[in-house]
Structure formats: structure tokens, C-alpha cells
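Observations on chain architecture
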Amino acid sequence: MASLITRLLLLLFLWYSLICLSSGASNDYSILNQDLDKFNSEKEVFHLFQEWKQGTEREYQTLKEEVKRFEIFKNNLKHIKERNAKRKSSTDYSLGLNTFSDMTYEEFSRIYLREMKEPIIGSNKGKMVSNSESCPDAPSSLDWRLSGAVTYVKDQGSCGSCWAFSATGAIEGITQIVTQNLPSLSEQQLISCDTNNHGCQGGWHFKALDYVMNKGIATERDYPYTASDSACNSTLEQMTFATIDGYGYWWKTPISEDSLFCYVFKQPISVSIYASPNFMSYNSGIFSGDDCANISSCYHNHAVLVVGYGSSGTNQDYWIVKNSWGPSWGQCGYILVKRNTGTTQGVCNINCSGSFPMKARSFEVCILYVKTSSSK
């Protein structure tokens with residue numbers, strides 16, 4: 001009976017994911033599905049703001065704070081409408097309202113994004129990856145969610161812990177691929193116990209893999225998430241559920257998109273990226289990162305998980321990327337990032353830094369995919 005329930009839940013999850021990606025659905029509250037162009041006057045925008053507050057359950061302590069947030073909301077709405085008016089095709093990305101729409105990008109960055117200093121690479125036991133991967137047998141379209149190797153979209157909350165979510169997502173994926181068992185693993189254990197990272201103040205996904213290689217990791221149920229820099233609970237830390245045998249990584253030395261393509265063909269991959277202002281308000285479509293153009297080489301402030309790749313009907317190639325800002329952001333918590341751009345760093349530096357866990361495989365892995373294009 002338990003096995004049947006698990007299969008039914010997986011089918012429901014896959015159905016929901018496919019509906020989100022195919023329809024461009026963004027959120028579970030109706031305000032995001034409205035035509036924003038019809039809100040022009042101050043009165044109309046104020047009414048929209050009140051609807052947004054109700055939908056996001058946002059409350060302010062003072063009238064002064066509400067007035068301030070309304071002004072920011074207006075500015076964000078103006079930018080969203082202006083950017084959407086520049087869309088060149090149906091696959092071009094759009095922006096929309098979300099739970100961050102009353103925040104400036106600077107405020108948002110201080111809470112959710114982190115610029116980390118260079119890590120000490122020499123102390124890590126991982127293997128530097130090759131930049132000449134070849135995988136001629138890889139399908140043209142692949143989604144690890146269809147193989148049951150991706151957990152539900154999680155929410156890091158007001159904690160700069162994206163690195164931990166990116167790392168657990170990669171470990172969850174390889175664990176399912178090898179064992180056929182998909183666990184939801186503990187980000188809180190990494191935040192509280194991994195002393196080579198900095199908890200809610202930021203960290204590196206490959207150093208998290210180094211910790212798990214040595215310590216193992218508990219499930220989210222056994223060591224639940226609190227979105228805080230709480231002290232390490234040594235008893236919970238020992239409730240190991242998943243282990244890895246090693247990890248591969250590259251850091252601020254871009255690999256080719258063909259190489260990244262091959263790594264994603266094998267398993268979900270942790271990557272670092274520059275989450276730009278437009279990334280913050282992403283709603284649907286294939287994100288081209290046009291506001292990342294002037295960012296310095298391989299600069300990043302966020303970590304995510306690449307869970308697949310595909311192509312649109314117009315042969316526009318993209319990565320399927322899982323975020324950790326909850327299912328109300330983007331396409332049910334996901335973003336499609338343009339690939340095969342011909343640039344060294346990739347869109348918003350997605351090719352620059354990445355990592356993946358290694359685990360001994362005891363059988364041939366079967367991958368579910370739909371071949372939609374002959375291009376990589």
C-alpha cells in the first residue's frame with residue numbers, strides 16, 4: 001500500500017510540474033494571472049497592491065512602512081511592464097509579480113543572495129572535472145523530474161542558504177538514480193554543522209558535498225529546516241540517511257556548454273549563477289539574462305540546480321533550473337535558462353562554477369525522456 005501511495009504522489013507531482021512548464025503558470029494565487037497592462041492609474045495600481053497584499057498575506061506594522069512598500073511596488077510594476085513590452089517572441093521570457101515585489105533589488109540581495117569570497121580550494125578532496133566531455137548518445141531533451149530524481153520545490157526563506165539547497169538537490173538526485181529511493185535531505189544540517197560554510201550568510205555547494213562525503217546527511221524529516229544559524233545538533237547529525245563517495249567540481253573556470261550538457265545528462269548538477277534584477281521577477285519563458293551583460297566574468301551570488309534541458313518549438317535551447325524560493329516564484333519554482341548562446345560564461349555565468357556528487361552505481365541507469373529536437 002505504501003508503495004502504491006508513493007507512486008501516486010510521484011505521478012501527481014510530475015503532472016503538476018508538466019502543467020506548470022507547459023502553461024507558464026507562475027503561482028497559486030490569482031493576482032499573478034492578471035493582465036498587468038490594465039493597471040495604469042494610481043488608483044488602479046493601489047487596488048492591485050491591495051490584492052497582492054492579500055494574496056501574499058503581507059502585513060506592515062505602520063502606515064509609513066506601507067506607503068514605502070507601495071512606492072517600491074509601483075516601481076517594480078513599472079519595470080515589469082516595460083520589460084514585458086520588449087518581448088520579441090512567445091518563447092522570450094516575461095516578468096511578473098511575486099512575493100518579492102515590494103522589495104528593491106538591493107534589499108532582496110541582502111536577504112536572499114550572497115557574494116562569497118574565494119574559497120580555499122586546496123583543502124577539498126573533490127575532483128576537478130574535465131572540460132572535454134562527450135556524450136553522443138544523450139537525448140536531445142531530458143528532465144530528471146520525469147525519472148523521479150527531483151524532490152518538491154523548497155523555500156529557503158529569509159536565510160542565505162541557497163548553497164545548501166543546491167547541494168541537497170544534487171545529492172537527492174544521485175541517491176535516487178543509484179538506489180531508486182528519493183529522499184528529501186536536510187539543508188539545516190548543512191547550515192548548522194558544516195563549519196567550512198557560513199550558514200545563512202552564504203556558502204559553496206561543493207564544500208557542502210565535501211562535508212557530506214565525510215559525515216553523511218540526514219533527511220529533512222529527521223533534521224528539519226528552521227532557516228536559522230542554529231547550533232549543530234550532534235545527535236541529529238548522526239542520523240545519516242544518504243552518503244556519497246566523492247564529488248566533482250569546477251570553480252570560476254567556465255566549462256563548455258557541451259560539457260555541462262553531458263554532466264546534466266548523467267545527473268542533476270549544482271551550479272552558481274548571477275541572479276539579476278530580472279531573475280528576481282522572472283515569471284515565464286526562456287530567460288536570456290539580458291541584464292547580466294555588464295556583470296564581471298564569473299561573478300555569481302546564487303546557487304541553483306540544473307535538472308534537465310530541452311528546446312522550444314523554435315529550436316531555442318534551454319536548461320531546466322530548480323530554484324529554492326518556493327513554488328510561487330517563476331514557473332512553479334523553476335526557471336528555463338537559455339543555453340547554447342555561444343558565450344564562454346553562459347547566461348548569467350551559469351557555466352562558470354558547478355559541482356556534483358558521486359555515488360557508486362550498482363546497475364544500469366534508465367532515463368525517461370522525450371526526443372523533441374536533434375540539437376544539443
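Residues numbered from 1 in each chain as written. Predicted model: local features only at pLDDT ≥ 70, side-chain atom pairs only at ≥ 80, totals over all residues. Heavy atoms only, no water.

**Focus on the pairing of strand 10 (residues 334–338)**
Selection rule: Burial classification: accessible surface area is computed with a 1.4 Å probe over protein chains only, and a residue below 20% of its type maximum counts as buried, one above 50% as exposed, and the rest as partly exposed. Only DSSP runs of H or I reaching four residues or more are called helices, and only runs of E reaching two or more are called strands; each is numbered from the N terminus. Note on pairing: two strands pair once DSSP finds at least 2 bridges between them.
With four of five residues buried, strand 10 is to be regarded as a mostly interior element. Of the pairings in the sheet, the one linking strand 7 (residues 286–287) to strand 10 comprises two bridges and is parallel in character. Looking at the pairing, Ile286 lines up with Leu336 of strand 10.

**Considerations on the packing of helix 2 (residues 42–56) against helix 3 (residues 63–84)**
What counts, and what does not: Axes, fitted as lines to C-alpha atoms, cover a helix only where it is in contact. Angles between the N-to-C directions of the axes lie from 0 to 180 degrees. Roughly parallel refers to an angle under 35 degrees, roughly antiparallel to one over 145, roughly perpendicular to one between 65 and 115, and oblique to any angle outside these ranges. Contacts are residue-level and defined by heavy atoms, with any inter-residue pair within 4.5 Å sufficient.
One can describe the packing of helix 2 onto helix 3 by two numbers: an axis separation of 10 Å at closest approach and a directional angle of 105°. With respect to their mutual orientation, helix 2 and helix 3 come out roughly perpendicular. Packed against helix 2, whose contacting residues are Glu42, Val45, Phe46, Leu48, Phe49, Gln50, Trp52 and Lys53, the element helix 3 presents Glu66, Arg69, Phe70, Phe73, Lys74 and Leu77 at the interface.

**Observations regarding the nonpolar core**
Inclusion rule: To define a nonpolar core, start from buried Ala, Val, Leu, Ile, Met, Phe, Trp, Tyr and Cys residues and group those joined through side-chain atoms within 4.5 Å.
By size, the foremost hydrophobic cluster in this structure holds 67 residues, and its most contacted members are Phe108, Trp319 and Trp325. Membership of the second largest hydrophobic core comes to 26 residues, among which are Cys159, Ala208, Leu209 and Ala242.

**Digging into the packing of aromatic side chains**
Note the following rule: Each aromatic pair joins two rings of Phe, Tyr and Trp (for Trp, the six-membered one) with centres within 6.5 Å, and gets the label stacked for planes under 30 degrees apart, edge-to-face for over 60, and tilted for any other angle. Distance and angle both matter: a charge sits over a ring if NZ of Lys or CZ of Arg is within 6 Å of the ring centre and within 35 degrees of the ring normal.
The tally for this structure, following the rule as stated, stands at 27 aromatic pairs. Arranged with centres 6.0 Å apart and planes meeting at 10°, the rings of Phe49 and Trp52 form a pair that is stacked. You can see Phe49 and its partner Trp52 sitting in helix 2, three residues apart, about one turn around the helix. Ring centres of Trp52 and Phe73 lie 5.5 Å apart, and the angle between their planes is 50°; this geometry places the pair in the tilted category. Taken together, the residues Trp52 in helix 2 and Phe73 in helix 3 connect sequence positions 21 residues apart. Taking relative accessible area as the criterion, Phe73 reaches 0% and is therefore assigned buried. Here the aromatic cluster, defined as three or more aromatic residues joined through ring pairs, consists of Tyr93, Phe100, Phe108, Tyr112, Phe279, Tyr282, Phe287, Trp325 and Trp329. The ring of Tyr93 carries Arg83 above its face, with NZ or CZ at 3.9 Å from the centroid. Over the ring of Tyr152 we find Lys154, and its NZ or CZ is 5.8 Å from the ring centre.

So far we have only geometry, and geometry alone does not tell us how the molecule works.
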